[in-house]
Amino acid sequence: MSAWVLPDHIADVLPSEARHIEELRRGLLDTARCYGYELVMPPLLEHLESLLTGTGEALDLQTFKLVDQLSGRSLGLRADTTPQVARIDAHLLNRKGVTRLCYCGPVLHARPDRPHATREPLQFGAEIYGHAGLEADLEALGLARECLGIAGVHETTIDLADVRIVRALLADVDLPTAQLANIHCALAAKDTAALTELAKEFPRSSREALLALPQLYGDISVLDEAQRVLKDIPGVDLVLSNLRWLASRLEDANVSFDLADLRGYAYYSGARFAIYAPGASDALVRGGRYDEVGAVFGRNRPAAGFSLDIKQVVSVVAPRALRPAIRAPWGGDSGLSAAIAVLRRSGETVVCALPERESEVDEFCCDRELVRKADQWVVQPIDCYEN
């Protein structure tokens with residue numbers, strides 16, 4: 001095999017796309033800071049139990065594992081950053097009030113999580129700890145939407161769900177882990193035949209409610225139908241009321257509901273959302289409430305947030321235009337060097353064309369040129385694509 005061949009679903013990022021990704025990364029972090037979110041940088045590598053305790057089988061299967069040469073302990077390369085940020089909030093910061101944290105860094109997946117996906121996403125996310133009210137959920141949703149707007153993603157659809165519905169209707173059913181996982185898969189696939197077989201021994205009320213869930217998706221009328229169909233399930237009325245409240249605060253958005261949606265990691269504990277956009281094969285953003293994510297670190301407190309893969313977002317929006325720049329000649333003239341230094345300090349991009357290489361600047365649109373006139377170096381406009 002050739003030495004330059006990369007593993008499946010792993011790729012180099014070339015200049016134009018890398019610039020787009022980096023500019024978007026900076027824009028998202030600046031946006032989060034404007035909301036009061038503080039940046040944290042968790043390590044890529046951690047002890048396996050710290051990464052996976054309480055997160056469920058899905059994250060375990062996505063995590064690369066290795067043995068530490070120093071300690072002999074099992075280590076993991078993070079597949080999701082949320083548990084790490086929960087550890088920072090619970091164990092290192094340990095603040096009493098509300099804490100807002102954001103992050104951006106690579107994660108590694110043992111397998112792609114959707115067709116054509118990279119196994120090395122660049123994950124950006126924001127988490128708000130310490131507030132149990134729906135205001136935190138709404139803030140996470142609002143920040144997620146603004147981040148997509150910064151990226152140039154428009155005409156989005158917000159899909160709302162709540163994991164407590166399924167938990168409530170299965171509360172009286174003693175299920176082994178494997179069967180519960182199969183039920184979750186059948187719900188996600190809306191496979192009524194599989195659900196019928198899996199639930200054949202359930203109490204009648206639980207079985208009928210479970211079989212109704214795959215049809216409970218669509219617009220706001222879904223909540224009315226759910227209230228009718230699930231009226232005998234304790235706690236469902238409050239959950240549906242919360243979903244109505246969130247939807248009512250998103251008047252300018254296209255909102256839908258899918259009450260059978262359980263996709264994602266097992267640490268979600270309440271309302272969940274996914275944001276879709278034209279041209280994307282899967283949700284660009286997933287988030288919601290995960291109040292129990294910090295429990296394994298000794299501090300179980302309210303938490304809500306979201307994450308997205310910057311590489312995925314960049315793949316569904318138009319490439320950014322070449323960055324304007326100034327082309328300058330190569331030479332040892334002290335006046336030329338001084339002029340270039342002044343321009344660069346002012347924030348301009350100045351590309352020095354090497355001798356006989358004047359036409360090879362590709363990544364920047366040199367729409368101006370530094371030329372000598374009357375013993376001075378001045379900038380004058382040129383055709384961006386002029387050789």
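Whatever comes next refers back to the structure up there.
Below is a short write-up of the structure. Remember, predicted model here, so these are calculated numbers, not experimental data.

The strand order across the open sheet built from four strands is β14-β13-β15-β16, with neighbouring strands paired in mixed fashion. Two strands bound the open sheet, and with one partner strand each, they are β14 (350-353) and β16 (376-381). Across the sheet, the mean angle separating the axes of adjacent strands is 35° when strand polarity is ignored. Where strand β13 (residues 323-329) and strand β15 (residues 364-373) come together, five bridges link them in parallel fashion. Residue pairing in the sheet places R323 in a bridge with F364 of β15. Running over the sheet, helix α13 (residues 334-345) touches β13, β14, β15 and β16 and is turned about 150° from β14.

For the pair helix α5 (residues 134-151) and helix α11 (residues 236-248), interaxial distance at closest approach is 10 Å and the crossing angle is 45°. The pairing of α5 with α11 is recorded here as oblique in orientation. Crossing of α5 over α11 shows right-handed handedness. Judged by residue contacts, L134, E135, D137 and L138 of α5 engage N242, W245 and L246 from α11. Of the residues in the contact of α5 with α11, the class split is four nonpolar, one polar and two charged.

This part takes up the packing of aromatic side chains. By convention here, two paired aromatic rings are described through the distance between centres and the angle between planes. Within the structure shown, the criterion is met by two aromatic pairs. Considering the side-chain rings of Y268 and Y290, the 5.7 Å spacing of their centres and the 65° angle between planes classify their relative orientation as edge-to-face. In this pair, Y268 sits in the loop between β9 (254-258) and β10 (271-276) while Y290 sits in the loop between β11 (285-289) and β12 (303-309), placing the two residues 22 residues apart along the sequence. Comparing Y268 with Y290 shows no difference in burial state: the two are buried. Over the ring of Y217 we find K190, and its NZ or CZ is 5.1 Å from the ring centre. Seen from the ring of Y268, R272 lies directly overhead, with NZ or CZ sitting 4.6 Å from the centre.

This part takes up the nonpolar core. By size, the foremost hydrophobic cluster in this structure holds 86 residues, and its most contacted members are F124, L160, L213, L259, F273, F306 and I310. Examining the composition of this core, we find that nine residues originate from one element, α5, more than from any other. With eight residues, the next largest nonpolar core counts I326, A328, L336 and L370 among its residues.

Right, let's talk about the pairing of strand β4 (residues 74-77) for a bit. As judged from the three bridges shared by strand β2 (residues 45-47) and β4, these two strands associate in the antiparallel manner. For L45, the partnering residue across the bridge sits in β4 and is L77. As judged from the four bridges shared by strand β3 (residues 64-67) and β4, these two strands associate in the antiparallel manner. Paired with K65 across the bridge in β4 is G76.

With respect to the element layout, R78 can be found in the loop between β4 and α4 (82-93). Here R78 sits buried without a salt bridge, and the closest side chain of opposite charge, E46, lies 6.9 Å off (N-O distance). Of the polar contacts made by the side chain of R78, one reaches the backbone oxygen of P42; its length is 2.8 Å. For R78, the side chain forms a polar contact with the main-chain oxygen of P106, separated by 2.9 Å. If we skip the residues at most four places from it in the chain, R78 touches P42, P43, L44, L51, Q84, G105, P106, V107 and L108.

Our focus in this paragraph is the pattern of salt bridges. Applying the stated criterion across every chain yields a total of 29 salt bridges. The shortest N-O distance in the salt bridge between R372 and D375 comes to 3.9 Å. Look at the salt bridges and you will find they share partners, linking R19, E23 and R320 into a network.

Glancing now at the pairing of β9. Taken across its five residues, β9 has four buried, putting it largely inside the fold. Looking at chain direction, strand β7 (residues 157-162) and β9 are connected through four bridges and run parallel. The residue bridging I158 from the neighbouring strand is V255, located in β9. Where strand β8 (residues 217-218) lies against β9, two bridges are found, and the strand directions are antiparallel. Within the sheet, the bridge partner assigned to Y217 lies in β9 and is D258.

What counts as what
Residues numbered from 1 in each chain as written. Predicted model: local features only at pLDDT ≥ 70, side-chain atom pairs only at ≥ 80, totals over all residues. Heavy atoms only, no water. Pairing = 2+ DSSP bridges. Helix = DSSP H or I, 4+ residues; strand = E, 2+ residues; numbered from the N terminus. Axes fitted to C-alpha atoms, helices over the stretch in contact; angles between N-to-C directions. Contact = heavy atoms within 4.5 Å. Parallel < 35°, antiparallel > 145°, perpendicular 65-115°, else oblique. Left-handed = near helix turned anticlockwise from the far one by under 90°. Nonpolar A, V, L, I, M, F, W, Y, C, P; charged D, E, K, R; others polar. Phe/Tyr/Trp six-rings, centres within 6.5 Å; stacked < 30°, edge-to-face > 60°. Buried < 20%, exposed > 50% of the residue type's maximum accessible area, 1.4 Å probe, protein only. Lys NZ or Arg CZ within 6 Å of the ring centre and 35° of its normal. Core = buried A, V, L, I, M, F, W, Y, C linked by side-chain atoms within 4.5 Å. Lys, Arg positive; Asp, Glu negative; His and termini not counted. Salt bridge = Lys/Arg side-chain N within 4 Å of Asp/Glu carboxyl O. Polar contact = N/O pair within 3.5 Å; in protein donor to acceptor, adjacent residues only side chain to side chain.

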